[in-house]
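Each chain, written out:
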Amino acid sequence: VLPFFIPRNSFTMVHDVAFMKFPEAYGRLQRYYLKWSTERAVKKCAMIFTPTEAVKKDLKLFFGAKKVKVIHHGPLELEKCENESEVLKKLGISKNENVFFYLGRIEKKKNLKVLLQAWTILKKKFPFSKLVIGGGNGYGYEEIRAKFDESVVAPGFLSESEVSAIFSVATAFVLPSLDEGFGMPILQAFEAGCPVVCSSIPALMEIAEDAALFANPHSPNEFAHKMCDLIRNRELREELIFAGEQRLKKFSWKFAAKAAMFEIEKTL
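Below, the structure is looked at part by part. All values derive from a computational prediction rather than experimental measurement.

Below, the discussion takes up the layout of surface pockets. Put simply, the largest pocket is a space of about 950 Å³. If you go around the largest pocket, you meet 38 residues; those closest to its centre are H15, D16, R105, K109 and K110. Where the lining of the largest pocket is concerned, the elements lending two or more residues are β1 (11-13), α2 (28-44), α7 (160-169) and α8 (184-192). A per-element tally of the lining of the largest pocket places α2 first, with five residues. Considering only residue class, the lining of the largest pocket consists of 18 nonpolar, 13 polar and seven charged. One number sums up the size of the second largest pocket: a volume of about 250 Å³. Lining of the second largest pocket is provided by 13 residues; of these, K108, N111, K113, E143 and L178 occupy positions nearest its centre. Those elements that provide at least two residues to the lining of the second largest pocket are α5 (112-125) and α6 (141-145). Top contributing element to the lining of the second largest pocket by residue count: α5, with three residues. A class-by-class count of the residues in the lining of the second largest pocket yields five nonpolar, one polar and seven charged.

Take a look at the structure:
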């Protein structure tokens, strides 16, 4: 969000405009604030950066933005966990179980309702399974939390080393979001050598390309099917892990910084 007084040549990053596409997933005050701040950025900034082509398209559609440049983020390096077995024990996770991992805010926009429906389907076929839902509370948390059962582990906010420990035993990372601007946890999963199942939405397809399995965000059956495939098919998991390692090489903070600086200097 821009400060109140800004120079004429100002630049900002708009991460997404999900509040325009899914207003029901936000509080009224939050929607107003995000819409106001984005309109102001479009009006005042010499250039707006977005992390994906998908967000650029949305900015043009909803706000008529003209000066927009896409610059992919780099990865967030995972901190190695020194006491992995201790962390897993504390969370009640066993290496002998099928473990699926979601990381992000627990809120409506993240579409956890569909993930939990998919989870009900999966458990009937693979009862010795755990779903780890890591992250802080967001809009609609209480409604989502009410649907958790004993097979769902919800530890709240996780440190980077705890995230690393869970990735190390996860059958897959699952991101069922209705909308994302980028999808940073996907790159973390790639780095950790963890297969990915995610929504077939433009931003996530742009970031993951052929290194993930995609499912319709409105179809619990499709998500359950993809997750079950990864339990049954070790070769598929290994293919996705290799593809993720290769895809990760396309993302760099050094390149992002150079690309941003080039656009800033060109504008000035």
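Before going further, it helps to spend a moment on the environment of P51. One can find P51 in the loop between β2 (47-50) and α3 (53-63). The spacing of P51 and E82 is 31 residues in sequence and 32 Å in space, taken between C-alpha atoms. Once you skip the residues sitting within four places of it in the chain, P51 turns out to touch M13, V14, H15, V70, I71, H72, H73, G181 and F182.

Our focus in this paragraph is helix α4 (residues 84-91). Of all the residues in α4, the buried ones are V87, L88 and L91. Seen from one end, α4 has its buried residues packed into an arc of 95°, which puts them on one side. Pointing more than 90 degrees away from the buried face of α4 are the exposed residues S85, E86, K89 and K90. Of the surrounding elements, those touching the buried residues of α4 are β6 (152-156) and α7.

Conventions used here
Residues numbered from 1 in each chain as written. Predicted model: local features only at pLDDT ≥ 70, side-chain atom pairs only at ≥ 80, totals over all residues. Heavy atoms only, no water. 1 Å grid on protein atoms, 1.4 Å probe; cavity = no way out; pocket = protein on both sides within 12 Å on 5 of 7 lines; lining within 4 Å. Points joined across faces, edges and corners; volume = space filled by probe spheres on them. Helix = DSSP H or I, 4+ residues; strand = E, 2+ residues; numbered from the N terminus. Nonpolar A, V, L, I, M, F, W, Y, C, P; charged D, E, K, R; others polar. Contact = heavy atoms within 4.5 Å. Buried < 20%, exposed > 50% of the residue type's maximum accessible area, 1.4 Å probe, protein only. Arc of directions from axis to C-beta.

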